[in-house]
Amino acid sequence: MSSANPELLLQIDHVSKRFPGVVALDDVSFDVRRGEVLGLLGENGAGKSTILKIISGAQLPDQGTIYWDGKPVSITSPQTAQSLGIVTIYQEFNLVPTLSVAENIFIGREPLHFGRFVDWKKMRADARAITQRIGLSIDPDAPVSELSVAEQQMVEIARALSIEARLIIMDEPTSALSGAEVDRLVGIVRTLRSQGVSVMFVTHRLEEAMTLCDRVTILRDGKLAANLNRDELAIPTFIEKMVGRAASNLYSRPTTRRQAGAVRLSIRGLKSVVTAEKQRGVVLKGIDLDIRAGEILGIAGLVGAGRTELARAIFGADMKTADRFQIDGEDVTIRSPRDAMRYGIGLVPEDRKLQALFLQLAIRRNFSVASLDRFMRLGVFVDEAKEAAELQRFRTMMNVRMTGPDQLISNLSGGNQQKIVLSRWLSLDPKILIVDEPTRGIDIAAKAEVHEILDTLANRGIAVVVISSELPEVMAVADRIVTMREGRLTGEVAPEEATQEKLMSLMALDDATVKG
Amino acid sequence: MTDASRTMAAGGEAMMWKTIGRFAPLIFLLVLMLIFSILEPKFLNPTNLFNVMRQISITGLIALGMTFVILTAGIDLSVGSILAVSGMVAAAVAKGSLGNTLSLGEDEAVGYGPFAAMAASIAVGMFCGFIQGYGITWLKVPPFVVTLGGLSIFRGLTLWFSNGGPISGFESDYRWWGQGMVGPVPVPVIIFLVAAIVCHVVLRHTRYGRHVYAVGGNPEAARLSGLAVDRIIMSVYLIVGFFAGLAGFVLSARLNSSEAVAGIGYELTVIASVVIGGTSLFGGAGSIAGTVVGATLIGVLVNGLVLNNVSSYIQSVVIGLIIITAVAFDRFVKTRKRA
């Protein structure tokens, strides 16, 4: 293994890492070649983040050797990794929002006049040159806080290039991007590859691994599950190696389609209210929509199409106006989430950590925060026994893996956290439940479970609205799919007629070409 | 599978650190008491211990309210000034006028008695809290700024109202609230402990308490869970105003005088008590029990240093160091728990 193969940039040779009582990595070997894109796949807890930390210098391996350019190296700190030419771009970007693009690219390495004063002219010019190298045209003086998530990611990549990175590691780089932005990132990664830069790409999205990667390494339970070459890449193989069993179909439909009931929510002419504080962002421009009892309505759209804004407007989280807003045939006014809840509407928001979870608090408190009224004694005291019993009921129903009600929610996996958030709403017996990105950041097994739960809810007569960036998910779960683009509905498709191409054309093309 | 086994295995050590982290202030308090009792046997004398408790009862009361505020990730810098203004109003009500009269006795009894004074004092405190809560929730000015303004405004009002001087000399039934004893226990200590128990029950066992933690832990998630976030934030400033008002009354009773300069710098002791007790300045984590321990710790420290003839200038230094140590230790434990 240590024999110098000039093609190999990075070799991970029989690396193991133990934490007290657990083996996070067990004898893992793989390599990254010059100018290739290597995909790193694995379910949550498979050891992906541990290997990333080891390569980027945040942790040291207990056993095994890392070779860089054929020579054994010890990556003891992120600085060491950087001096070798390894740059890691995490999901949470490492940018200073108030500083400009150029300042962020050259932070800590600003070009100087007389060794003291920042040479702004050179810094701008260099920043422009680097961003052009990845085909990006942004103003080097723009503050990073004004950029979109995708553009911020480009700034991270530009910074990596400015320090002559030879290996760029990207952790879930596409999870926050829309379809068009993903395409652009794919283009940039290909450009980097052609310039001889290697890219290691960690992702949950198998389709992307398929289109983008030259080779794929798959981890499972801390062990190497497979090193696949170009000609061995296939989504069924990925799934099989990741879960350790042949998965017949990633998104199989849990049951047959339902007959929808009466119209629960009827909306005409729903528009966002644009305030001085909220000038930026997506604006809803007149939405007409009916949502029926006992159906799962899927809303598909690219990031920025207004899916989340529609959910938030219905739920009263953002200001809106509407010509008609009726629940069960009666006009209602919803100005806040409290109002929405009074009418039996629930929202499982898009960003679990920021919008749904109380990370310092126990599972119990996360579960009951919205429904404490149901667990009261003497009008003011929380009946903890009743609360725990109710939580236990949902725990059994949803197969939540947890040690007890007083465990911290931050210790649960993403899938189990999501089940607790779902329980929070279900304990309120909602009539309408909106679920925004139900399975974001959740591993495959838990995704299927969440889909089953949504299906059960619709069978019970709840009107379920599912918003998802993953078209296969929408197609598998929904009884009816509507597409959105630029704050408008652009079409409605029955799932048996839906194909990714058809939906994508409704989501991405001009109104002129598609009549919605 | 690996997630589960990892949680289980790391559980032992993490659990140990969790326990240490939770009881650290208490352990530190007991160690401090042990050291002082060896250095100066008088320290453990019940009279001395009750004396310590009486000394902390004023700032301790306010610290109970401050715990609510800090749990919502807020802060109230104005408590010393609220204490002064409400104590002054209490005195004026008890006296029936603003006159700086030192006379006592039946012939001069034109005031309204201690209960009216207490009620007025609390009402003024809560009114101050309401004004500040309004600024924070409606005008969206950060709590630090609003209460920094309040610190100045309420002090100025007190000085203006009292013309800078004290109002002194109360009836014995008024003084009882600050100087009286029930058996061996000073009345302010009883007030403090009863209030602490009530606050503990409210935070720990009521729906309202749960909501306070939720709003502090993640205000956006709290709003999307249907909580009336602004109302809850308003309520904590009313609560701290209540306690600052009550403390103003008790202090004036204890000193037999309402001073326009009373309570200057109290916000530091109060916030220190809460923070040493383990309540996070970022909100969502902390407890009344911690605050009681934190307040007691400061009291014991001051008393022990005095008994050992340490300069009062140095006491200030020691308290400062302990605040930083407590938070640093808390950070250390948190990183351990995660590893």
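Worth saying up front: this structure is predicted, and the values here are computed from it rather than measured. (Residues numbered from 1 in each chain as written. Chains lettered and ligands numbered in written order. Predicted model: local features only at pLDDT ≥ 70, side-chain atom pairs only at ≥ 80, totals over all residues. Heavy atoms only, no water.)

Asks: Lay out unusual backbone geometry in plain terms, naming residues and giving numbers.
Replies: Residues and elements named next belong to chain A. Phi at His14 takes a positive value of approximately 50°, unusual for a residue other than glycine. Counting through the fold element by element, His14 comes out in strand S1 (residues 8-19). Here Glu164, not a glycine, exhibits a phi torsion of approximately 55°, which is positive. Mapped onto the elements of the fold, Glu164 is located in the loop between helix H5 (149-162) and strand S9 (167-171). Classification of Glu164 by relative accessible area gives exposed; the value is 64%. (Helix = DSSP H or I, 4+ residues; strand = E, 2+ residues; numbered from the N terminus. Buried < 20%, exposed > 50% of the residue type's maximum accessible area, 1.4 Å probe, protein only.)

Asks: Before we move on, can you summarise the interface of chain A and chain B with the specific residues and values?
Replies: Each partner contributes to the interface: chain A provides 41 residues, whereas chain B provides 32 residues. Summed over both sides, the interface between chain A and chain B buries roughly 3,100 Å², with carbon and sulfur atoms accounting for 52% of that surface. Looking at the side of chain A facing chain B, the largest losses of area belong to A:Arg338, A:Phe358 and A:Arg365, adding up to 18% of the total buried there. The interface formed by chain A and chain B contains 4 salt bridges. Taking the shortest distance from any N to any O, the salt bridge between B:Arg210 and A:Glu384 comes out at 3.5 Å. Inspection of the chain A/chain B interface yields 13 residue pairs in polar contact (both at pLDDT 80 or more). For the side of chain A that touches chain B, the secondary structure elements donating two or more residues are strand S2 (22-33), helix H9 (307-315), helix H10 (337-342), helix H11 (352-356), helix H12 (363-368), strand S21 (381-382), helix H13 (384-398) and helix H14 (414-426) of chain A. At 4 residues, H11(A) tops the list of elements feeding residues into the side of chain A that touches chain B. Here the residues of the side of chain A that touches chain B are counted per class, giving 21 nonpolar, 10 polar and 10 charged. (Contact = heavy atoms within 4.5 Å. Buried area = accessible area lost by both parts, 1.4 Å probe. Salt bridge = Lys/Arg side-chain N within 4 Å of Asp/Glu carboxyl O. Polar contact = N/O pair within 3.5 Å; in protein donor to acceptor, adjacent residues only side chain to side chain. Nonpolar A, V, L, I, M, F, W, Y, C, P; charged D, E, K, R; others polar.)

Asks: So what about the pattern of salt bridges? Which residues, and what values?
Replies: For the structure shown, the criterion picks out 34 salt bridges over all chains. Linking A:Asp26 and A:Lys223 is a salt bridge whose minimum nitrogen-to-oxygen distance equals 3.9 Å. With A:Asp26 in strand S2 and A:Lys223 in strand S12 (residues 223-228), the pair connects residues that are 197 residues apart, well separated along the chain. Its relative accessible area of 44% is what places A:Lys223 among the partly exposed residues. A:Arg312 is the partner of B:Glu220 in a salt bridge, and the nearest nitrogen-oxygen pair spans 3.5 Å. Here A:Arg312 lies in helix H9 and B:Glu220 lies in helix H9 (residues 219-224), a pairing that spans two chains. Judged by relative accessible area, which is 14%, A:Arg312 ranks as buried.

Asks: Give a detailed account of the sheet that holds S12(A), specifying residues and quantitative values.
Replies: All names here are of chain A. Reading across from one edge, S6-S9-S10-S3-S11-S12 is the order of the 6 strands in this open sheet, with mixed pairing throughout. Each edge of the open sheet is held by one strand with a lone partner, namely strand S6 (86-89) and S12. The mean angle between the axes of side-by-side strands here comes to 20°, regardless of whether they run parallel or antiparallel. As defined by bridge partners, strand S3 (residues 37-41) adjoins strand S11 (residues 215-220) across 4 bridges and the pair is classed as parallel. Pairing of Leu38 across the sheet is with Arg215, part of S11. Against the sheet, helix H1 (residues 48-55) makes contact with S3, S6, S9, strand S10 (198-202) and S11, and its axis sits at roughly 150° relative to S10, the strand it touches most. Along the sheet, helix H8 (residues 235-243) contacts S3, S11 and S12; its crossing angle with S11, the most-contacted strand, is approximately 25°. (Pairing = 2+ DSSP bridges. Axes fitted to C-alpha atoms, helices over the stretch in contact; angles between N-to-C directions.)

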